[in-house]
Amino acid sequence: DFYRATGFGINIVKNDLSNTFISHTAINPYCDMIRQSKEGRLKCSKSDRYLWNKCQQSKHSEFCTCHGGLVNNLIPIICDDIIVGYVMLYSLRKAPFSEVISHVSDLNLDLKLLETYYNMVGEYDAEKFESVASLAVMLAKYIIMENIITFNFNTNLERAKEYINEHLDSSLSIQEISKNTHISKSAL
């Protein structure tokens, strides 16, 4: 319904972006063509990770323009102050292909066909994208309220894992983790 109403590609993905719970988007031959090359898949993954890191740090909706010139949006689904998944909106073209070509020319793809596919992608409109993102934030809250997706996680474990991941460069002890996550040592 969201896709049909807005025309925006949408995925509901796990908190590490590893799997998709729900996906509905129009077939995007531009992205499909880029992903045909190993380097293209790596660039897509890098763009997704960049957006994921931004969203992990802010715990708010974040936008970015990928290497292929498309605008994407990631909205966290938060339960008990822990990100349990994301609503991902994508992909709209922001610039003419002439400004993007330098980022995709190393992929050894048919650039004329790639340009044709790029021009088939919807055009980015900041005001509309912001409005659709607001609807997606409401959708994320609705997903939690209605238990549309069941999240099986231990909040203590998630909080401890998050703390450990944020302090991997430090010498960690059970006592320090316990103190900073407000979890008893025995529970930890």
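All residue numbers refer to position in the chain's written sequence, counted from 1. Where totals are concerned, whole chains, interfaces and linings use all residues; where local detail is concerned, this predicted model gives features only for residues with pLDDT of at least 70, and gives and counts side-chain atom pairs only at 80 or more. Based on all heavy atoms of the structure, the side-chain values leave hydrogens and waters out of the count.

Engineer: An account of the environment of F8 is needed here, citing residue identities and associated values.
Structural biologist: Relative to the elements of secondary structure, F8 occurs in the loop between α1 (2-6) and β1 (9-14). Exposure is judged per residue with a 1.4 Å probe applied to protein chains only, and the accessible area is read against the type maximum: over 50% gives exposed, under 20% gives buried, and values in between give partly exposed. Using a relative accessible area of 3% as the deciding quantity, one classes F8 as buried. Along the sequence, F8 and S91 sit 83 residues apart, while their C-alpha atoms lie 7.4 Å from each other. By definition, any uninterrupted DSSP run of H or I lasting at least four residues is a helix, any uninterrupted run of E lasting at least two residues is a strand, and each is numbered from the N terminus.

Engineer: Give a description of unusual backbone geometry that names residues and reports values.
Structural biologist: Its identity is not glycine, yet K59 carries a phi of approximately 55 degrees, on the positive side. Looking at where K59 falls in the secondary structure, it is placed in the loop between α3 (38-58) and β3 (62-65). On the basis of relative accessible area, K59 is assigned to the partly exposed category, the value being 22%. A positive phi angle, near 55 degrees, is found at N108, a position not held by glycine. Mapped onto the elements, N108 comes out in the loop between α4 (97-104) and α5 (111-120). Relative accessible area serves as the criterion here: at 73%, N108 is assigned to the exposed category.

Engineer: Which residues make up the nonpolar core, and what are the values?
Structural biologist: Grouped burial of nonpolar side chains is what soluble globular proteins tend to show. Among the buried residues, those of types Ala, Val, Leu, Ile, Met, Phe, Trp, Tyr and Cys that are joined through side-chain atoms within 4.5 Å form a nonpolar core. By size, the foremost hydrophobic cluster in this structure holds 20 residues, and its most contacted members are I77, V87 and L89. For this core, the secondary structure elements donating two or more residues are α1, β1, β4 (70-79), β5 (82-93) and α6 (126-145). With six residues, the top contributor of residues to this core is α6. Core analysis: the second largest hydrophobic core is formed by 16 residues, M33, C66, A95 and L109 among them.

Engineer: Please provide a residue-by-residue account of the packing of α4 against α5, values included.
Structural biologist: Only the stretch in contact is used when a helix axis is fitted, and all axes are lines through C-alpha atoms; the angle between N-to-C directions ranges over 0 to 180 degrees. Taken N-terminus to C-terminus, the directions of α4 and α5 make an angle of 130 degrees; their axes are 11 Å apart at the nearest point. In terms of orientation, α4 and α5 fall into the oblique class. Relative to α5, α4 is oriented so that their crossing is right-handed. Only L111, L114, E115 and Y118 of α5 make contact with α4, whose side of the interface consists of F97, V100, I101 and V104. Looking at the contact of α4 with α5 residue by residue, the classes come out as seven nonpolar, no polar and one charged. Oblique is the label for any angle not under 35 degrees, not over 145, and not in the 65 to 115 range, which are roughly parallel, roughly antiparallel and roughly perpendicular in turn. The hand of a helix crossing depends on one turn: near helix anticlockwise from the far one by less than a right angle means left-handed, and clockwise means right-handed. Working rule for contacts: check all heavy atoms of both residues, and any pair within 4.5 Å makes them a contact. When residues are sorted by character, Ala, Val, Leu, Ile, Met, Phe, Trp, Tyr, Cys and Pro go into the nonpolar class, Asp, Glu, Lys and Arg into the charged class, and all the rest, Gly among them, into the polar class.

Everything listed here is a matter of geometry and, on its own, says nothing about what the molecule does.
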